[in-house]
Amino acid sequence: MRQELLSLPKGLAEEVSKNLVMVARLIDEDPEQAYAYSRIALRLASRVAAVREAAGFAAYATQKYSEALAEFRAAKRMTGSVELWPVMADCERGLGRPERALAMAGEPEVQKLDKAGQVEMRLVAAGARRDQGQLEAAIVTLQSPELASNAVQPWTARLRYAYADALLAAGREDEAREWFGKALEADKDGATDASDRLAELDGVEFVDAADLSDDEDRDGTENLVDDEDGEDEYDEHEDDDQDPAEVAAAERATDVTEYYDEDDEEYEPLEQSASDTDVRGDKA
């Protein structure tokens, strides 16, 4: 990319470079903003292949597949490289044309890709098969020496994950569990949610701490308001039909023992009552 930017006047090259840096920095966390920077770079230097490629990836990240495909094609014409072939095929999928993606998987350009590119093309082709409802064909497409290899490469986790997901979609749960496990073993960077998928298959449910806190508030304090003295009282609008015995039990469950520190002007809670411990223990 640096070599390509050298063809521009110095001031212009610096401005384009700044925008490309922002695209790379934001494309994962804020793709819309990255896309905006890519449009500025494109307006400044549309004849630079690196700019067209960056604009393509920014459009791809925001699901503007037609625009992304046009930029990738332009970059390919400028460089003669087939490196973008798999992502171009995936753009066809995004446009609802899986048959074109499959056709691209059979083109001579695939043989010119490096190993990583060929694996990526295999993933795209399998996805296109699934788009067409051909689950078993998708599974067969992913079966390859790269999948069977014990060696861990940058693409290993994604390949195993895609295979596990296809198996699960086909109803082959035991095999899917095995391959989600293998994907997790290879996923050192957390690129997939294989651990969550395994937990889901094993019936494990994760509870968000914030949701649990909200539930506790709804259970015990939704009708409480602070009076002027800072003490909690029941809202006068609470349900009049509520059983007095239940109200008394709830009050006992939330009682705390307090002590007064002679060196402090504030009361401090010492410990929860036994009834309070029992109630919270039930929720856990």
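Note on numbering: residues in each chain are counted from 1, in written sequence order. Selection of residues for local features in this predicted model requires a pLDDT of at least 70, selection of side-chain atom pairs for listing and counting requires 80 or more, and totals for whole chains, interfaces and linings are taken over all residues. With hydrogens and water excluded, all non-hydrogen atoms of the structure serve as input to the side-chain values.

Draft legend 1. How the structure looks around unusual backbone geometry. The phi torsion at Q63 lies on the positive side, around 65°, for a residue other than glycine. Strands here are runs of E lasting at least two residues and helices are runs of H or I lasting at least four, both read from the DSSP assignment and numbered beginning at the N terminus. You can see Q63 is positioned in the loop between α4 (49-61) and α5 (65-79).

Draft legend 2. Examining the packing of aromatic side chains more closely. Only centres within 6.5 Å qualify two rings of Phe, Tyr or Trp (six-membered ring in Trp) as a pair; their planes then separate them into stacked at under 30 degrees, edge-to-face at over 60, and tilted for everything else. Inspection of every chain in the model, using the stated rule, returns four aromatic pairs. Pairing Y60 with Y65 gives two aromatic rings, centres 5.9 Å apart and planes at 75°, and the pair type is edge-to-face. Judged by its relative accessible area of 24%, Y60 is partly exposed. Here, over-ring charges are defined by two tests on the NZ atom of lysine or the CZ atom of arginine: distance to the ring centre within 6 Å, and angle to the ring normal within 35 degrees. Between the NZ or CZ atom of K64 and the centre of the ring of Y35, over which it lies, the distance is 4.4 Å. Remark: exposure states derive from per-residue accessible area (1.4 Å probe, protein chains only) relative to the maximum for the residue type, with buried under 20%, exposed over 50%, and partly exposed in between.

Draft legend 3. Expanded view of helix α9 (residues 135-142). Turning to α9, its buried residues number three or more, namely A138, I139, T141 and L142. Seen end-on, α9 carries its buried residues on one side only, within an arc spanning 160°. In what follows, a contact means two residues having at least one pair of non-hydrogen atoms within 4.5 Å. Lining the buried residues of α9 we find α8 (115-131), α10 (145-148) and α11 (156-169). Taking the helix axis as origin, the arc is that swept by the directions to the C-beta atoms.

Draft legend 4. Local environment of α4. Multiplying one less than the number of residues by 1.5 Å gives the expected span of a helix. Its 13 residues place the ends of α4 18 Å apart at the C-alpha level, agreeing with the 18 Å of an ideal helix rising 1.5 Å per residue. Three or more residues of α4 are buried, namely A49, A50, V51, R52, A54, A55, G56, A58 and A59. Count one or two residues on from α4 and you reach Q63, which has phi positive near 65°.

Draft legend 5. The arrangement of the packing of helix α6 (residues 85-94) against α8 in detail. Closest axis-to-axis distance for the α6/α8 pair is 9 Å, and the angle between their directions is 10°. Relative to α8, the element α6 is oriented roughly parallel. Once α6 is placed against α8, the crossing between them reads as left-handed. Contact residues: W85, P86, A89, D90 and R93 in α6; G117, E120, M121, V124, G127, A128 and D131 in α8. Only the stretch in contact is used when fitting a helix axis, every axis being a line fitted to C-alpha atoms; angles between N-to-C directions are given from 0 to 180 degrees. Roughly parallel means an angle under 35 degrees; roughly antiparallel means over 145; roughly perpendicular covers 65 to 115; every other angle is labelled oblique. Throughout, a crossing is termed right-handed when the near helix is turned clockwise from the far one, and left-handed when it is turned anticlockwise from it by less than a right angle.

Draft legend 6. Up close: the side chain of D165. Within the secondary structure, D165 sits in helix α11. N or O atoms closer than or at 3.5 Å make up a polar contact, with two conditions inside protein: a donor-capable atom paired with an acceptor-capable one, and, for residues adjacent in sequence, both atoms drawn from side chains. Within the structure, the side chain of D165 is placed 3.0 Å from the side chain of R197, a separation counted as a polar contact.

Draft legend 7. Spotlight on the pattern of salt bridges. In the sections that follow, a salt bridge refers to a side-chain nitrogen of Lys or Arg positioned within 4 Å of a carboxyl oxygen of Asp or Glu. With the rule as written, the count across this model stands at 17 salt bridges. One salt-bridge network, held together by shared partners, links E173, D174, R177 and D202.

Just geometry here; none of it tells us what the structure is for.
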